Amino acid sequence: SQLNAGDFDTPEQQIGKFNRARPWETCMTICQQWAWKPGDKLKSERQCIQTLLYTVGGDGTLLLNVGPMPDGAIEPRQVERLREMGAWLKKYGAGVYGTRGGPFQPGKWGAATCRDNKIYLFVMKWPAEGPLRLPPIDQEVTEIDCLSDGEAQVRRGAGGMEIAVPPEHRDEVATVI
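Residues numbered from 1 in each chain as written. Predicted model: local features only at pLDDT ≥ 70, side-chain atom pairs only at ≥ 80, totals over all residues. Heavy atoms only, no water.

S.K.: Explain helix 1 (residues 45-57) here, please?
M.R.: One turn of an α-helix holds 3.6 residues; hence residues three or four places apart share an orientation. Taking 1.5 Å of rise per residue, 13 residues should cover 18 Å, and helix 1 covers 18 Å from first to last C-alpha, within 8% of that figure. Burial runs high along helix 1: 10 of the 13 residues are buried. Along helix 1, the residues that are buried comprise Cys48, Ile49, Gln50, Thr51, Leu52, Leu53, Tyr54, Thr55, Val56 and Gly57. The inward-facing, buried residues of helix 1 abut strand 1 (25-29), strand 2 (61-65), helix 2 (76-92), strand 3 (100-101), strand 4 (110-115) and strand 5 (118-123). Residue aspartate 59 follows helix 1 closely and has a positive phi angle near 75°. (Helix = DSSP H or I, 4+ residues; strand = E, 2+ residues; numbered from the N terminus. Expected span 1.5 Å × (residues − 1). Buried < 20%, exposed > 50% of the residue type's maximum accessible area, 1.4 Å probe, protein only. Contact = heavy atoms within 4.5 Å.)

Rendered as structure tokens:
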């Protein structure tokens, strides 16, 4: 039987919670309104990309609403925002497309996705002091690459993993490891 055939959760204007058992989709506007409104406040590139990353890290999908203007066209500044997101995804999309959320649940630090034997970390907020600490996982980590810039230093132990990237190599949107 198909447990969720045709039925899934659709939180609006908020990111859903981590859930691998039931399909879900965050429905969010690129501005404040569902319909086009002249001068509506546009979400920043950072907000849009981080919303996407927290959503896929929770094992959901993102519907990012753009409302057409009265002539049917999409407002140029919204088109530009979508192009910015596309440029970011061209560089880091391997960690988004065709992945599942986890193994680490999203948190203030950021989100993680996985596919096959790879885990992608999107660190959006580093601790004020010290390394990022993540809980232990069943898989053995054999290689670490910092896809953004620089190198990631990793220490593994029974308590989990500690990951550090020098501040000058952290990306303001998301450091991708």
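S.K.: In this structure, what is going on with helix 2? I would like to understand it.
M.R.: Between its first and last C-alpha atoms helix 2 spans 24 Å; for 17 residues at 1.5 Å apiece the expected length is 24 Å, and the two agree. For helix 2, the secondary structure elements touched by its buried residues are helix 1, strand 2, strand 5 and strand 9 (175-176).

S.K.: For this particular structure, what's the right way to read the pairing of strand 4?
M.R.: Of all six residues in strand 4, five are buried; the element is thus mostly enclosed. Two strands pair when backbone bridges link them, and strand 3 and strand 4 are joined in this way by two bridges, in the antiparallel orientation. Of the residues in strand 4, the one forming a bridge with arginine 100 is cysteine 114. In textbook terms, the turn of a hairpin is the stretch between consecutive antiparallel strands, and for strand 4 and strand 5 this stretch comprises two residues, one of which, aspartate 116, has a positive phi near 50°. (Pairing = 2+ DSSP bridges.)

S.K.: I keep staring at the sheet that holds strand 3 and nothing clicks. Help me out?
M.R.: By definition, the strands of a sheet pair up through backbone hydrogen bonds, in either a parallel or an antiparallel sense. Spatial ordering of the open sheet is given by 3-4-5-9, a layout of four strands whose pairing is antiparallel. The open sheet has two edge strands, strand 3 and strand 9, and neither has a second partner. With two bridges joining them, strand 5 and strand 9 adopt antiparallel strand pairing. Pairing of valine 123 across the sheet is with threonine 175, part of strand 9. Its contacts with the sheet put helix 1 on strand 3, strand 4 and strand 5, and the angle it makes with strand 4 is roughly 55°. (Axes fitted to C-alpha atoms, helices over the stretch in contact; angles between N-to-C directions.)

S.K.: I tried to follow unusual backbone geometry on my own but got confused; where do I start?
M.R.: Phi is mostly negative for residues that are not glycine, and the peptide bonds are mostly trans. Backbone torsion omega between glycine 102 and proline 103 reads 10°, so that peptide bond is classified as cis. With phi around 75°, aspartate 59 is a residue other than glycine that occupies positive phi space. Along the chain, aspartate 59 turns up in the loop between helix 1 and strand 2. Residue aspartate 59 is classed as buried on the basis of its relative accessible area, which comes to 14%.

S.K.: How do you make sense of the nonpolar core when you look at a structure like this?
M.R.: The tendency in soluble globular proteins is for nonpolar side chains to be buried as a group. In this structure, Leu53, Trp88, Val96, Phe122, Met124 and Ala174 are the most contacted members of the largest nonpolar core, which totals 22 residues. Only helix 1, helix 2 and strand 5 provide two or more residues apiece to this core. The element that contributes the greatest number of residues to this core is helix 1, accounting for six residues. Filtering out sequence-adjacent residues up to four positions away, tryptophan 88 remains in contact with Ile49, Leu53, Gly93, Val96, Phe122, Val173, Ala174 and Val176. (Core = buried A, V, L, I, M, F, W, Y, C linked by side-chain atoms within 4.5 Å.)

That's the geometry; what it means functionally is another story.
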